[in-house]
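# Overview (structure and organization)
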Amino acid sequence: MRLGLLTGGGDCPGLNAVIRAVVIAGHVVHRDDAVGFLDGWRGVLEDRCTTLDPDRCADLLPVGGTVLGTSRTNPFAEPEGPERLMATVERRKVEAMIVIGGEDTLGVAHRMHSMGLPVVGVPKTIDNDLSATEVTFGFDTAVQTATDAIDRLRTTAESHHRVIVCEVMGRHAGWIATQAGIAGGAAEILVPEVPFDMDQVCERLVRRHERGRFFSVVVISEGAFPLSGPDAESARRATATDSTDQFGHVRLGGIGAWLASEIERRTGYESRVTTLGHVQRGGTPTAFDRVLATRFGVAAVAAAHDGAFGTMVALQAGAIVRVPLESAITAPKTLDLSLLEDVAAPFLG
Ligand code: F6P
């Protein structure tokens, strides 16, 4: 079989591990050929690709980023996009497309499948906000990176008796903030799912100081926001941007800086902000992510050979299963609030 691969959306540790798994498992188990399209759906639109063979992929397991490149190109926003995709796939004689991406990239895969493209999806995002899979690869690495950062911020915050706000990624969902906040012993964890009350945040920080804890690390997701009212307005003005991608997502960032300055203004505690940003997306994947990426890659090849097109491989109850692509993209998987309310809460403040 001739497999086509692409990686789309934000990059993520473990993408190369999936590419390696698809190419080598495809070759060893089925004698498949593989062609990699460059820069996500853009490479299929423009018919830019490269041959992938086991030799070329042999050392990719620990390598961050994606050797295929990526983009946030939406073929449905391009003139004759879907027709051009189909034409490339036919020209390259690709019999199954393995599409590695998050909600946007897989959303395109789903629409293309309904137009006849033989597609298998692999779930990717550091944000862990894809439905139908318990976890996406890349998330574990991002949480570890954020936890390491919180550990470091904690010692400098303590030395200087400061509040340090740490802004982490998480557009719709507070998975990274919550897991890293728990692992790093944060004083506050603020997530997109629960709009926060600035007065309550400050009151808790003041009570913490009164107990003799003269420093705090506050973890906030980039998508978190204050409750509606004057604070929400002020935060909106401070973080406003009109930059959007082809899928209509605005560029986030800046809520951490707003929060740090408000904490300092209201409590008088010296405050700083660290925005982790793309540090969370770069570098070598953890062992967990390497194994999950490899399991997903092997399973995607098997799904292609079974003709299970229009599905995505997923992790459920420890096993790799196939789910309809649609079930992954209909709504983002938001935080399990019991993690915040039951597990994190006793240690906050
Ligand atoms: O991949 C998802 C994500 O990490 C979001 O959390 C974040 O808002 C976005 O990517 C940033 O993307 P870009 O690399 O385009 O700035």
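Each value, and the rule that gives it
- Residues numbered from 1 in each chain as written.
- Predicted model: local features only at pLDDT ≥ 70, side-chain atom pairs only at ≥ 80, totals over all residues.
- Heavy atoms only, no water.
- Helix = DSSP H or I, 4+ residues; strand = E, 2+ residues; numbered from the N terminus.
- Expected span 1.5 Å × (residues − 1).
- Contact = heavy atoms within 4.5 Å.
- Domains from an automatic or database assignment.
- Buried area = accessible area lost by both parts, 1.4 Å probe.
- Salt bridge = Lys/Arg side-chain N within 4 Å of Asp/Glu carboxyl O.
- Polar contact = N/O pair within 3.5 Å; in protein donor to acceptor, adjacent residues only side chain to side chain.
- Axes fitted to C-alpha atoms, helices over the stretch in contact; angles between N-to-C directions.
- Left-handed = near helix turned anticlockwise from the far one by under 90°.
- Buried < 20%, exposed > 50% of the residue type's maximum accessible area, 1.4 Å probe, protein only.
- Near = heavy atom within 4 Å.
- Areas by Shrake-Rupley, 256 points an atom, 1.4 Å probe, with all protein chains shown as cover.
- Nonpolar A, V, L, I, M, F, W, Y, C, P; charged D, E, K, R; others polar.
- Pairing = 2+ DSSP bridges.
- Parallel < 35°, antiparallel > 145°, perpendicular 65-115°, else oblique.

## Remarks on helix 10 (residues 255–267)
Three or four residues apart is the spacing at which side chains of an α-helix point the same way, because the helix has 3.6 residues per turn. Taking 1.5 Å of rise per residue, the 13 residues of helix 10 would be expected to cover 18 Å, and the 18 Å separating its terminal C-alpha atoms lies within 8% of that figure. The inward-facing, buried residues of helix 10 abut strand 6 (163–168), strand 7 (188–190), helix 8 (198–210), strand 8 (216–221), helix 9 (230–239) and strand 9 (271–275). At the C-terminal side of helix 10, G268 shows a positive phi close to 85 degrees.

## Notes on the domain arrangement of the protein chain
Assigned domains of the protein chain: these are domain 1 (2–138 + 285–329) and domain 2 (140–282). With 21 residues of domain 1 at the interface, the matching set in domain 2 holds 18 residues. Around 1700 Å² of area is buried between domain 1 and domain 2 when both sides are counted, 51% of it from carbon and sulfur atoms. Looking only at domain 1, the three residues that lose the most surface to domain 2 are R72, I126 and D127, adding up to 31% of its buried area. Linking domain 1 with domain 2 are one salt bridge. The shortest N-O distance in the salt bridge between D11 and R281 comes to 2.9 Å. Across the domain 1-domain 2 interface, the total number found is twelve residue pairs in polar contact (both at pLDDT 80 or more). Where the side of domain 1 that touches domain 2 is concerned, the elements lending two or more residues are helix 5 (103–114) and helix 11 (287–305).

## Some details on the packing of helix 8 against helix 10
Put simply, helix 8 and helix 10 touch, their axes get as near as 10 Å, and they point 60 degrees apart. The two elements helix 8 and helix 10 cross, and the hand of that crossing is right-handed. Along its contact with helix 8, which presents M198, D199, C202, L205 and V206, the element helix 10 presents W258, L259, E262, I263, R266 and T267.

## Quick word on the environment of R48
With respect to the helices and strands, the residue R48 is situated in the loop between helix 2 (41–45) and strand 3 (49–52). For R48, a relative accessible area of 28% gives the class partly exposed. Put simply, R48 and E80 are 32 residues apart on the chain and 17 Å apart in space, counted from C-alpha to C-alpha. Once residues lying within four places of it in the same chain are set aside, the contact partners of R48 are G36, F37, L38, D39, R42 and G43. Only 2.9 Å separates the side chain of R48 from the side chain of E46, close enough to count as a polar contact.

## What about the site of the ligand?
Every residue lining the ligand is accounted for by G10, R72, D127, M169, G170, R171, E222, H278 and R281. A distance of 3.3 Å separates an oxygen atom of the ligand from a polar atom in the side chain of R171. Within the side chain of R281, one N or O atom sits 2.7 Å away from an oxygen atom of the ligand. With the chains in place, 79% of the 400 Å² that the ligand exposes on its own is no longer accessible. For the shell around the ligand, the class distribution of residues is one nonpolar, three polar and five charged. Each of domain 1 (2–138 + 285–329) and domain 2 (140–282) accounts for three or more of the residues forming the shell around the ligand.

## Re the sheet that holds strand 1 (residues 2–7)
Spatially, the seven strands line up as an open sheet ordered 3-2-1-4-5-10-11, and their pairing is mixed. Each edge of the sheet is formed by a strand with only one pairing partner; in this case those strands are strand 3 and strand 11 (319–324). The sheet shows a mean angle of 30 degrees between the axes of neighbouring strands, direction not considered. Helix 1 (residues 15–30) rests against strand 1, strand 2 (33–37), strand 3, strand 4 (96–101) and strand 5 (119–123) of the sheet, and its axis sits at about 180 degrees to strand 1.

## Description of the packing of helix 9 against helix 10
When two helices pack together, their arrangement is given by the angle between the helix axes and by the axis-to-axis distance. Running from amino to carboxyl end, helix 9 crosses helix 10 at an angle of 130 degrees, the nearest separation of the two axes being 9 Å. One element, helix 9, and the other, helix 10, form an angle in the oblique class. You can see that helix 9 and helix 10 cross each other, and the crossing is right-handed. Note on element contacts: helix 10 touches helix 9 through I255, W258 and R266, opposite D231, S234, A235, A238 and T239. Here the residues of the contact of helix 9 with helix 10 are counted per class, giving four nonpolar, two polar and two charged.

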